[in-house]
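Each chain, written out:
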Amino acid sequence: MTFLHVDMDAFYASIEQRDRPELRGRPVIVGGNHGRGVVTAASYEARAFGVRSAMPGRQAAQLCPQAEFVRGRLNHYANVGRSVREIFHRFTPLVQPLSLDEAFLDVSGVVRLHGRPAQIGRDIQRTIRVELDLPSSVGIAPLKFVAKIASDLRKPDGFVEVPDDGVQAFLDPLPVSRLWGVGRVGGERLQKRGYHHVRDLRVSNAQSLHQCFGEWGLHLWRLANGIDPRGVIVDQVAKGIGHERTFDEDLTELEPMEAVISYLSEQVARRLRRSDRKAAVVTLKYRREDFKTFTHARTLATPTCSTREILGTAIELLHEMRRRQPRAVRLLGVSVGNLHDADSPVQLSMLDQAERQAASKLDRVSDQIARKIGDVGLYRASSHGWLRQRDDRRQR
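Definitions and limits used
Residues numbered from 1 in each chain as written. Predicted model: local features only at pLDDT ≥ 70, side-chain atom pairs only at ≥ 80, totals over all residues. Heavy atoms only, no water. Core = buried A, V, L, I, M, F, W, Y, C linked by side-chain atoms within 4.5 Å. Buried < 20%, exposed > 50% of the residue type's maximum accessible area, 1.4 Å probe, protein only. Helix = DSSP H or I, 4+ residues; strand = E, 2+ residues; numbered from the N terminus. Contact = heavy atoms within 4.5 Å. Salt bridge = Lys/Arg side-chain N within 4 Å of Asp/Glu carboxyl O. Expected span 1.5 Å × (residues − 1). Pairing = 2+ DSSP bridges. Axes fitted to C-alpha atoms, helices over the stretch in contact; angles between N-to-C directions. Phe/Tyr/Trp six-rings, centres within 6.5 Å; stacked < 30°, edge-to-face > 60°. Lys NZ or Arg CZ within 6 Å of the ring centre and 35° of its normal. Parallel < 35°, antiparallel > 145°, perpendicular 65-115°, else oblique. Left-handed = near helix turned anticlockwise from the far one by under 90°. Nonpolar A, V, L, I, M, F, W, Y, C, P; charged D, E, K, R; others polar.

Details of the nonpolar core
Most often, soluble globular proteins keep nonpolar side chains buried together rather than apart. Residues Leu4, Phe88, Leu105, Ile124, Ile128 and Leu134 are the most contacted members of the largest nonpolar core, which totals 33 residues. Mapped by element, the contributors of at least two residues to this core are strand S1 (3-8), helix H1 (11-19), strand S2 (28-31), helix H4 (74-91), strand S6 (102-106), helix H6 (117-132) and strand S7 (136-141). It is H4 that contributes the most residues to this core, seven residues altogether. If sequence neighbours within four positions are ignored, Ile124 has contacts with Leu4, Val6, Phe88, Phe91 and Leu105.

Rendered as structure tokens:
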């Protein structure tokens, strides 16, 4: 098998620089609202000053006062993303999008048609540059996760190919933080145990890692040893939509957890409405500080795309989970599944119809405002505690 991972470089900011030639070569910050709000994306010129996505706009303005702040245009970015995906499908039908700006491609079966994998990667990169005037980075490898790592190493305009017999030599010297599933907290835990590089995990005893870190430790051992049977998953219609957050510091109190769930539920519901879908199942993902992960799902009486209904259900699931698993939490997620078309008929009672209509009107107004100022600039008051604490931590 041969996989490509194609990642658009500073996607939103690169689109703004393309559409406004006077911004080329200058530090550009998408979002942040001229020093207020949260940064959605930053060009590489701005990143050189330490600006990062999800950073408070005020902090970004202090780090890079000469930056040009621009308002996000999410619908426009989505349209460009569809153009990028159309280019992928010219080369292979086996495409697994991860987001608007990145995807896995399986090119194993098209080499006779399009040439060797390196040639395909170069052609895709060149086509994106010529037709869309945008930079991208490509990683090629016999394993999906290795292809993703490879595409990240030499950004922007990066191109890294890992041969079939070179996976171990490629992985061994990398810091453990390069592996999927290793965040800042996880990296610190590994380093305290003496695991600094991927090679340290590879030569370790699998059972020892399992005893120290549970299933997560076994997962990392497999990746370090080049064991990853996952293939490209082609899914023409999304079966679910979800968002999750891993915390720099474990959460122990219910109130900040509720604020996180509120924020995630808003994002999920808004994506549902953008895709003209409704969901019949809401699922809570809950990871304790010891990396043990639990899910708790609930089927709704009728499919919905209402923020109020999804949020209310997710909060109920959180309360139930806290009673069963009261330990500190390092990750929370909200997802919805069993999706239906938005115009699918549903049976409503006269008692809740007026309330649903009022909530639907509120969602429509919220979506209209979000399209103008971006998702990160508009949120419920119940989400504010999480966003404020998150921004405060990032400023420290």
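Some points on the pattern of salt bridges
In total, this model carries 23 salt bridges according to the counting rule given. The partner of Glu16 in a salt bridge is Arg73, and the shortest N-O contact between them spans 3.0 Å. With Glu16 in helix H1 and Arg73 in the loop between strand S4 (68-70) and H4, the pair connects residues that are 57 residues apart, well separated along the chain. Take Glu16: its relative accessible area is 3%, and that puts it in the buried class.

What about helix H13 (residues 254-274)?
Counted at 1.5 Å a residue, the expected span for H13 with its 21 residues is 30 Å, and the 30 Å between its end C-alpha atoms agrees. Of all 21 residues making up H13, 16 are buried, and the element is well covered by its neighbours. Phi turns positive, to about 55°, at Asp276, one or two residues after H13.

Digging into the sheet that holds strand S9 (residues 240-251)
In spatial order, the strands read S9-S12-S10-S11; together these four strands make up an open sheet with antiparallel pairing. In this open sheet, the two edge strands, each paired with only one partner strand, are S9 and strand S11 (293-304). Ignoring strand direction, the axes of neighbouring strands in this sheet form an average angle of 15°. Sheet topology note: the S9/strand S12 (residues 329-341) ladder contains eight bridges and is antiparallel. Counterpart to Arg245 in the pairing with S12 is Leu332. Those strands touched by H13 are S9, strand S10 (277-288), S11 and S12, and its axis lies near 155° from that of S9.

Quick look at the packing of aromatic side chains
By convention here, two paired aromatic rings are described through the distance between centres and the angle between planes. Enumeration over the complete set of coordinates arrives at five aromatic pairs. On the numbers, 6.0 Å between centres and 45° between planes, the contact of Phe11 with Tyr12 is tilted. Ring plane angle 5° and centroid distance 4.3 Å describe the contact between Trp216 and Phe291, whose orientation is recorded as stacked. With Trp216 in helix H12 (residues 215-224) and Phe291 in the loop between S10 and S11, this residue pair connects regions lying 75 residues apart in the sequence. Its guanidinium or amino end placed over the ring of Tyr44, Arg47 lies 4.5 Å from that ring's centre, counting from NZ or CZ. In this arrangement the basic side chain of Lys144 is found over the ring face of Phe104, its NZ or CZ atom lying 4.8 Å from the centre.

Section: the pairing of S11
Pairing of S10 with S11, which is carried by eight bridges, proceeds in the antiparallel orientation. By the bridge assignment for S11, Ala279 is matched with Thr304.

Let's talk about the sheet that holds strand S5 (residues 95-99)
Taken in spatial order, the five strands of this open sheet run S5-S6-S1-S7-S8, and their pairing is mixed. The open sheet has two edge strands with one neighbour each: S5 and strand S8 (159-161). The mean inter-strand angle of the sheet, taken between neighbouring strand axes irrespective of direction, is 15°. Note: S7 against S8, three bridges, orientation parallel. Of the residues in S8, the one forming a bridge with Gly139 is Val160. Against the sheet, H4 touches S1, S5 and S6, its axis set at about 160° to S5. Packed onto the sheet, helix H7 (residues 144-152) meets S1, S5, S6, S7 and S8 and runs at close to 145° relative to S7.

Here's the deal with unusual backbone geometry
Here the residue pair Lys155 and Pro156 is connected by a cis peptide bond, since its omega of -10° sits within 30 degrees of zero. Examined against the element boundaries, Pro156 turns out to sit in the loop between H7 and S8. The residue Asp133 is not glycine, and still its phi comes out positive at about 55°. Within the secondary structure, Asp133 is located in the loop between H6 and S7.

Some points on the packing of H1 against H4
Closest axis-to-axis distance for the H1/H4 pair is 11 Å, and the angle between their directions is 95°. Comparing the axis directions of H1 and H4 gives the class roughly perpendicular. Across the interface between the two elements, Phe11, Tyr12, Ile15, Glu16, Arg18 and Asp19 from H1 touch Leu74, His76, Tyr77, Val80 and Gly81 from H4.

Notes on the packing of helix H11 (residues 206-213) against H12
Packed helices, taken two at a time, are described by their axes: the angle between them and the distance between them. Taken N-terminus to C-terminus, the directions of H11 and H12 make an angle of 145°; their axes are 6 Å apart at the nearest point. Of the two possible hands of crossing, H11 and H12 adopt the one that is right-handed. The segment H11 lies against H12, with Ala206, Leu209, His210 and Phe213 engaging Glu215, Trp216, Gly217, Leu218 and Trp221. Residues of the contact of H11 with H12, tallied by class, amount to six nonpolar, two polar and one charged.

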